[in-house]
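# Per-entry structural report
Now for the letters of each chain:
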Amino acid sequence: GTELVLKTDPVAEGVHFLASDAPEDVAWKALAVNISDLAAKAATPIGYLMALSFPTAPSADWLAAFARGLQQAQETFGCHLMGGDTDRRPGPVTITITAVGWVPQGRMVRRSTARAGDCVFVSGSIGDAALGLRLRRDPGLSSGWGLSAGEAQHLHQRYLRPQPRLDLAEALREHASAAMDISDGLAKDLGRMCRASGCGGRVRTADLPLSPACAKALAADAGLLEAIVGGGDDYEILAAVPAERASGFVASAARAGIAVAGIGTLADGSEVIIEGPDGRPMSLQSTGWDHF
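What comes next concerns the included structure. All figures in this text were calculated on a predicted structure; none of them were measured in a lab. (Residues numbered from 1 in each chain as written. Predicted model: local features only at pLDDT ≥ 70, side-chain atom pairs only at ≥ 80, totals over all residues. Heavy atoms only, no water.)

### Observations regarding the pattern of salt bridges
Where charged atoms of side chains with opposite charge meet at close range, the side chains can pair. Short version of the rule: By definition, a salt bridge exists where a carboxyl oxygen of Asp or Glu is found within 4 Å of a side-chain nitrogen of Lys or Arg. Counting from the N terminus, the helices are DSSP H or I runs at least four residues long and the strands are E runs at least two residues long. We call a residue buried when its accessible area falls under 20% of the maximum for its residue type, exposed when it is over 50%, and partly exposed in between, using a 1.4 Å probe and counting protein chains only.
In this structure the tally under the stated criterion is 14 salt bridges. The residue Arg 136 makes a salt bridge to Asp 21 at a minimum N-O spacing of 2.9 Å. In this pair, Arg 136 is assigned in helix H3 (residues 128-137) and Asp 21 in the loop between strand E2 (11-12) and helix H1 (23-40), connecting sequence segments 115 residues apart. Looking at Arg 136, the relative accessible area reads 26%, which means it is partly exposed. Asp 21 sits in the buried class, given a relative accessible area of 6%. Asp 189 serves as the salt-bridge partner of Arg 192, at 2.7 Å between the closest nitrogen and oxygen. Placement of the pair is Arg 192 and Asp 189 together in helix H7 (residues 186-197), with a separation of 3 residues, close to one helical turn. With relative accessibility at 23%, the residue Arg 192 sits in the partly exposed group. One continuous salt-bridge network, built from bridges that share partners, spans Asp 128, Arg 158, Arg 165 and Glu 236.

Take a look at the structure:
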């Protein structure tokens with residue numbers, strides 16, 4: 001009575017994590033980014049395969065810390081390591097995970113089934129991880145943004161340890177017409193959903209759910225708005241929900257302990273508009289992360 005959902009998403013040093021990041025955090029993120037894709041399909045994790053590639057032999061201490069991070073992540077997400085491989089090759093440290101999950105037969109939520117008129121929702125908060133990465137690269141930004149130590153730590157943690165929204169599965173299955181996780185930036189991933197579904201959309205930045213830390217940074221530097229909508233690493237859920245099911249979706253998410261916010265609507269056509277605070281379409285230099 002179930003179907004399997006499979007997802008693979010590698011992470012590489014210098015692209016998805018920094019050489020200075022703790023091995024525990026690297027392991028957590030490597031697994032979390034894959035589990036986040038399962039969460040967006042309303043799937044329950046079972047296990048994962050992992051391939052590790054190193055340019056030189058890692059230290060025993062590094063591997064022990066990495067293993068601790070994996071254990072923390074898999075206990076949190078309810079899955080286990082099923083096998084894999086380790087090799088040496090030129091280039092950065094790379095962790096390639098293939099995650100396996102299950103979903104009731106015929107109930108997987110796709111990205112290509114949104115429809116014009118659907119309401120656009122996001123889970124949690126947007127922009128924290130993008131600002132957290134900026135702080136990791138330039139800690140001095142914290143004082144310029146007026147952040148407390150706790151607020152800066154919140155942004156760091158949102159970058160280092162994404163939280164897949166697995167508990168949103170029932171709400172997605174019951175109410176959403178489409179969903180995907182936000183990994184490369186809200187603007188880019190909304191565009192992907194719209195293209196796959198053959199529709200356009202408009203979202204309002206004024207309605208974006210921001211954490212107190214992110215909101216404080218934005219108040220200090222309005223130029224951060226582009227990073228918030230296009231910075232990536234959110235690993236929140238982007239969902240399209242028919243208007244008549246919107247209240248049910250919000251209520252179901254609340255019962256699961258996950259906040260969701262309506263940020264716009266989908267429409268006929270193919271145009272995707274990110275509406276700035278003044279109500280006018282934003283002209284973004286970049287809509288999000290692109291490998292090429």
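We are not done yet, so read on.
### Quick look at the pairing of strand E8 (residues 200-204)
Using the following cut-off: Pairs of strands are assigned from DSSP output, requiring at least two bridges between the strands.
Looking at chain direction, E8 and strand E10 (residues 260-267) are connected through 4 bridges and run antiparallel. Bridge assignment links Gly 201 to a residue of E10, and that residue is Leu 266. With 4 bridges joining them, E8 and strand E11 (residues 272-275) adopt parallel strand pairing. From the neighbouring strand, Arg 202 faces E11, where its bridge partner is Ile 273.

### Focus: the packing of H1 against helix H2 (residues 60-77)
Here is the rule: Axis definition: a line fit to C-alpha positions, over the contact stretch in the case of helices; interaxial angles, taken between N-to-C directions, run 0 to 180 degrees. Helix crossings fall into two classes, left-handed where the near helix is turned counterclockwise from the far one by less than a right angle and right-handed where it is turned clockwise. Contact between two residues is taken to exist if any of their heavy atoms lie within 4.5 Å; hydrogens are not considered. In the scheme used here, Gly and all other residues not listed as nonpolar or charged are polar, with Ala, Val, Leu, Ile, Met, Phe, Trp, Tyr, Cys and Pro taken as nonpolar and Asp, Glu, Lys and Arg as charged.
Two numbers describe how H1 lies on H2: the axes approach to 7 Å, and their chain directions differ by 35°. Between H1 and H2 lies a crossing of right-handed hand. Note on element contacts: H2 touches H1 through Trp 62, Ala 65, Phe 66, Arg 68, Gly 69, Leu 70, Gln 72, Ala 73, Gln 74, Thr 76 and Phe 77, opposite Pro 23, Glu 24, Val 26, Ala 27, Trp 28, Leu 31, Ala 32 and Ile 35. Taken together, the residues that form the contact of H1 with H2 break down as 13 nonpolar, 4 polar and 2 charged.

### Some remarks on the packing of helix H5 (residues 149-160) against helix H8 (residues 212-220)
Helices that pack against each other are described as a pair by the angle of their axes relative to one another and the distance between those axes. Here is the rule: Any angle that is under 35 degrees is reported as roughly parallel, and any over 145 degrees as roughly antiparallel; angles of 65 to 115 degrees are reported as roughly perpendicular and all others as oblique.
Contact geometry for H5 and H8: axes closest at 9 Å, N-to-C directions at 105°. Regarding the angle of H5 to H8, the classification is roughly perpendicular. Between H5 and H8, the contacting residues are Glu 151, His 154 and Leu 155 on the first element and Ala 213, Cys 214 and Lys 216 on the second. Considered class by class, the residues forming the contact of H5 with H8 number 3 nonpolar, 1 polar and 2 charged.

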